[in-house]
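Each chain is listed here by its residues.
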Amino acid sequence: MTVTRTLRLTAATLALAVGTSAFAADKHPVTGETLAEEQHFTYRLLDQFPTLDPQLNEETAGFHVIRDLFEGLMSQDADGNLIPGVATGFEASNENKTYTFTLRDTAKWSNGDPVTAHDFVYAWQRAVNPETASPYGWYLELTEMVNAKEILAGEKDPSELGVRAVDDLTLEVNLNIPLPYFPAMTTYATLFPAHQATIEAHGADWTKPENMVSNGAFVLTDLVLNEFHTREKNPMYWDADNVIMEKVTGLVINDANQALTRYKAGELDHLEPLPAGQFPALQEELPAEATSVPRLCSYYYAFNHRDDAEPWLSDVRVRTALSYAIDRDVIVSQVLKGGQWPAYNLAHLKTNGFAMPDIPYSTISQSERDAKAKELWDAAVADGVVPEEGLEIDLIYNTSESHKAIATVISQMWRQKLGVQTNLSNFEWKTYLEIRRDGQFDVARSAWCADYNEASSFLDLMTTPHGSNDGKFSNETVDALMRESKTSDDPNAQYTQVEKVLYEEMAVAPIYHYANTFLLNEEIKGWPYNNAENNWYSKNFYRVVLDD
Amino acid sequence: MLSFIIRRLFIAIPTILILIVFSFCLMYAAPGGPFTTERNVPPEILANLEAKYGLDQPFFVQIWRYVVGIVTQFDFGPSFIYTDQTVNDIIAQGFPVTLTYGFWSFVVAVIVGVSLGAMAAVYHNSWLDYLAVGISVGAQVLPNFVMAPILVLIFTLWLGWLPGGGWQGGQWQYVLMPVIALSTSFMASIARIMRASMLEVLGEPFIRTARAKGLPMRRVILGHAMMPSLLPVISYLGPAFVGMITGSVVIDLYFSTGGIGQFFVNSALNRDYPVIMGITILTGALTVLFNLVVDILYAWIDPQIRYR
């Protein structure tokens, strides 16, 4: 260790002695920081990503890699704003139902082929082709692309999808309805281009390092399942001159504490998430490295709104009392301790362009909420909705230490404040999903993460037809408002109203808005702390030499 | 002897077939499926997925196709979760890793365990005995999920001698800690069994005879007492060896080795049916094989069994 450091120091001294011109090349062109000789970034993956096929991917871990290997029409900057990717720009016409993208003529695949509009057409048709059977094919339904739904259902041919290459550098997309955020949706993997010749030559093996042809800033050079993968700078990338990072390594480390030890031993530059509850201690120990940033997910307890559910669940006073009695500050600051926000509404407070609605119970104190809860509860008891001898609630959650801690704390709050007896049951993940889907619960732990940085990605969940509305909440006003919001110039008006209805009906009990806690080596610069979707692109990273 | 081996191999085939059918049924009985996710996939997409993997077929058709695929083409099917991989890919990648650290753990456990146990028995009730018993009890109560983080803490964080995980094709620096973590508890069990059986053998009349003939202690131990003392150890080693080479999820989890153990557990949690089946069959076949090896070894060591 010391030997290497000494050698490195000697090398630096030598470089200085040789002349300043050689040294100047090692400065960051914009910030002037001294760049490290080895531009290598190593991060931890919690689990092995299932696939690197952009059209098949449905996971965040895979998306982090795919975003480096491939580039879509549009991309994101450090603040999450839309910037040109393969496309230099786009034009909307036909009342926002047609988008025409112009592609840059310098974009190339890693084998030197030009990236053309046909590559996007091929990829998108592939994503909806029933033979591909992409679990994320519904993303194209979400974009409202013409015929996407019919093709997925096997009713139309993939060639009938609402996208066409006008010429090599012009791509025209037709949508069923005006969708102002369609260009933003092209930053997701499903809509990345694909290299037809490679896929046809290798079949499912095309994503193996030796076969893959990609168009992003990096190429895949090594992959061993459950161990590691590496990606290295792609010299064919159109903007390769501005990419400083040479190599990125992802290590799969399941155990959070083991990962933390290895971070401290210098084997990792980035570690996320941190072991539960350790953020405050790490912030004290490594203040320049421990960070908490918003993550676009909301944690809530779903009430069972089915007709055959317990009758007291259909009484809004009971649901409201249960929600009011939850002291969210205790959960956030005593249990989770990772910079999360107490939640009184569904959509994450950091969602782009989302005006936080005015939810009355979010501004009063917990003792006032408790008093109100007791009042509502007593009224429900007086009306015979809740039996006088008390209530037993079945609360289900999937097996996890933090879900258990939250459920235990909440059940104590309900017992002390409302005299409710809570039966906690936990299940292994897939079993849990099935039980929740079948409605075998009174209250179910739930969480929802946005697919894209827009409030509808949260609020659509509470509409009647939504596939993951496991509490089966159904409200005509909410459905109508969400339909209306799709074509609205300022959908915030509808969103605010929807949140208001959700509050009045207490459709769910929101608990907290997520934060991501992580450790980042101080030598790594360019991290997009303000990108609320946590979409990081390694091409923006660089490693510096810190002045001691 | 040959007919004995052939007969045993013949029994192995129906054993594995029963294993396949039984695991297949159990797997289907588990709630949820490979495509059950937080986000309910729309029915048309679920239908496409099920059609792609043949899950839309009746149960008997599925199991028949599966068995036929294995028997005729040695094809264990694609992974439902790692869509870029087949089960054969996964086993081909993970099994050599597990085999490597399992084999070395076995070698270490046997050599250290047998020596420790024998030493304790020979120097019965001396400080050497107490030391050996102390070590084996200590190793026994330290399960590998405690050992693994401690090892990484010491050798990676404090001393900086070894990498904290990974495999890198099986370079020794990466193999060392998994082997230590996996072998300790096996080593402790072997030492205890060896000590007890050696003590028993040392009290036998034929040892007294050997001593009475004036043979040096070394020859009495190695020439006469060792072989019979090993019998109970060997019956333990068969299943222990299979246990070691078919993977330890703890080792894979803590050291990110990419071994088969983690795939096995993950496949069950993910309901990745073909991977569950593939690894179950592999484990089953190895268990049958090594039980046979143990029986043959037994016959070789113990003439009473051979001539029976």
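Since we're looking at a predicted model, the values are computed, not measured.

What follows is about the overall build of chain B. The number of helices and strands found in chain B is 13 helices and 0 strands. The helix and strand sequence of chain B, counted from the amino end, reads α-α-α-α-α-α-α-α-α-α-α-α-α. When the backbone C-alpha atoms are referred to their principal axes, chain B occupies close to 85 × 55 × 30 Å. For chain B, buried positions account for 38% of its 308 residues. Within chain B, counting contacts between residues at least 6 apart in sequence, those at least 24 apart form 72% of the total.

A word on the overall build of chain A. In terms of helices and strands, chain A carries 18 helices and 19 strands. A globule of 548 residues ought to have a C-alpha radius of gyration of about 24 Å, and chain A, at 26 Å, matches this closely. Reported as C-alpha extents along the three principal axes, the dimensions of chain A are approximately 85 × 60 × 40 Å. Buried residues in chain A amount to 47% of all 548 residues.

Moving on: the pairing of strand β4 (residues 87-93) of chain A. All names here are of chain A. Bridge count between β4 and strand β5 (residues 98-103): 6 bridges; the pairing is antiparallel. Opposite Gly89, over in β5, you have Thr102 as the bridge partner. Linking β4 back to β5 in an antiparallel pair, the connection comprises 4 residues, with Asn94 at a positive phi of about 50°.

On to the confidence of the model for chain A, then. Model confidence for chain A is summarised by a mean pLDDT of 92, while 95% of its residues fall at 70 or above. Taken together, the stretch residues 1-24 of chain A has pLDDT below 50 and engages in 4 contacts with residues farther than four places along the chain or on a different chain.

What follows is about the interface of chain A and chain B. At the interface, 40 residues of chain A touch 42 residues of chain B. The set of elements that each furnish at least two residues to the side of chain A that touches chain B consists of β10 (247-252), α9 (256-264) and α15 (429-437) of chain A. Looking at the side of chain A that touches chain B residue by residue, the class counts come to 20 nonpolar, 11 polar and 9 charged.

As a further point, take the packing of helix α4 (residues 87-122) of chain B against helix α5 (residues 127-141) of chain B. In a pair of packed helices, the angle between the axes and the distance between the axes together describe the arrangement. Residues and elements named next belong to chain B. Between α4 and α5, the least distance of the axes is 8 Å, while the angle of their chain directions is 145°. Between α4 and α5 the crossing geometry is left-handed. Taking contact as the criterion, the partners of Leu116, Met119 and Ala120 in α4 are, on α5, Leu128, Asp129, Ala132, Val133, Ile135 and Ser136. Per-class residue counts for the contact of α4 with α5 are 7 nonpolar, 1 polar and 1 charged.

Residues and elements named next belong to chain A. Pairing is antiparallel in the open sheet, where 4 strands are placed in the order β4-β5-β7-β6. At either margin of the open sheet sits one strand with a lone partner, and together these are β4 and β6 (163-167). When the angles between neighbouring strand axes are averaged without regard to direction, this sheet yields 20°. In this structure, β5 lies alongside strand β7 (residues 170-174), joined through 5 bridges in antiparallel fashion. Residue pairing in the sheet places Phe101 in a bridge with Leu171 of β7. Here helix α4 (residues 117-128) sits on the sheet and contacts β5, β6 and β7; the angle it forms with β6, its principal contact strand, is near 165°.

A separate point is the packing of helix α11 (residues 260-270) of chain B against helix α12 (residues 273-301) of chain B. All names here are of chain B. Closest axis-to-axis distance for the α11/α12 pair is 8 Å, and the angle between their directions is 135°. Looking at the two axes, α11 sits oblique to α12. The two elements α11 and α12 meet at a crossing, and its hand is left-handed. Side by side, α11 and α12 meet where Ile260, Phe263, Phe264, Ser267 and Ala268 of the first sit next to Val275, Ile276 and Ile279 of the second. Here the residues of the contact of α11 with α12 are counted per class, giving 7 nonpolar, 1 polar and no charged.

Moving on: the nonpolar core. Counting residues in hydrophobic clusters, the biggest one holds 104 residues, and the most contacted among them are Ile66(A), Leu69(A), Leu103(A), Trp124(A), Val128(A), Leu271(A) and Leu519(A). Among the elements that take part in this core, α4(A) stands out by supplying 8 residues, more than any other.

Time to look at α11(B). All names here are of chain B. Within α11, 8 of the 11 residues are buried, which leaves the element mostly enclosed by the surrounding structure. For α11, the set of buried residues is Ile260, Gly261, Gln262, Phe263, Phe264, Asn266, Ser267 and Asn270. Here the buried face of α11 lies against α4, α10 (249-255) and α12. Trailing α11 by a residue or two, Arg271 shows a phi angle of about 55°, which is positive.

Once that is clear, we can look at the environment of Phe106(B). Residue placement: Phe106(B) occurs in helix α4. Excluding its chain neighbours within four sequence positions, the residues that come into contact with Phe106(B) are Phe241(B) and Met244(B).

Below, the discussion takes up helix α7 (residues 172-202) of chain B. All names here are of chain B. Taking 1.5 Å per residue, 31 residues should reach 45 Å; α7 reaches only 39 Å between its end C-alpha atoms and comes up short. In α7, a bend of some 35° at Ser183 exceeds every other bend along the element. Along α7, 22 of the 31 residues are buried, which leaves the element largely enclosed by surrounding structure.

The subject of this paragraph is unusual backbone geometry. The amide bond that connects Glu272(A) to the next residue, Pro273(A), takes the cis arrangement and shows omega of -5°. With respect to the helices and strands, the residue Pro273(A) is situated in the loop between β11 (270-271) and α10 (279-285). Of note, Phe74(B) is a non-glycine position whose phi angle comes to about 55°, a positive value. You can see Phe74(B) is positioned in the loop between α3 (59-73) and α4. Residue Arg271(B) is not a glycine yet carries a positive backbone phi of 55°.

Residues and elements named next belong to chain A. Note that Val243 resides in the loop between β9 (228-233) and β10. Judged by C-beta crowding, with 20 C-beta atoms within 10 Å, Val243 ranks as buried. Spatially, the C-alpha atom of Val243 lies 14 Å from that of Ile524, the residues being 281 residues apart in sequence. Not counting the four nearest positions on each side in its chain, Val243 is found in contact with Ala217, Lys233, Tyr237 and Lys539.

Residues and elements named next belong to chain A. Checked against the element boundaries, Gln278 lands in the loop between β11 and α10. Judged by local crowding, Gln278 falls into the partly exposed class, with 18 C-beta atoms found within 10 Å. Once the C-alpha coordinates of Gln278 and Asn469 are considered, the two residues, 191 residues apart in sequence, prove to be 33 Å apart.

Cut-offs used in this document
- Residues numbered from 1 in each chain as written.
- Chains lettered and ligands numbered in written order.
- Predicted model: local features only at pLDDT ≥ 70, side-chain atom pairs only at ≥ 80, totals over all residues.
- Helix = DSSP H or I, 4+ residues; strand = E, 2+ residues; numbered from the N terminus.
- Buried ≥ 20, exposed ≤ 12 C-beta atoms within 10 Å, placed from the backbone.
- Contact = placed C-beta atoms within 7 Å.
- Rg over C-alpha atoms; globule rule 2.2 N^0.38 Å.
- Pairing = 2+ DSSP bridges.
- pLDDT = per-residue confidence, 0-100.
- Nonpolar A, V, L, I, M, F, W, Y, C, P; charged D, E, K, R; others polar.
- Axes fitted to C-alpha atoms, helices over the stretch in contact; angles between N-to-C directions.
- Left-handed = near helix turned anticlockwise from the far one by under 90°.
- Parallel < 35°, antiparallel > 145°, perpendicular 65-115°, else oblique.
- Core = buried A, V, L, I, M, F, W, Y, C linked by C-beta atoms within 7 Å.
- Expected span 1.5 Å × (residues − 1).
- Bend = angle between axes of the 7 residues up to and from the residue.

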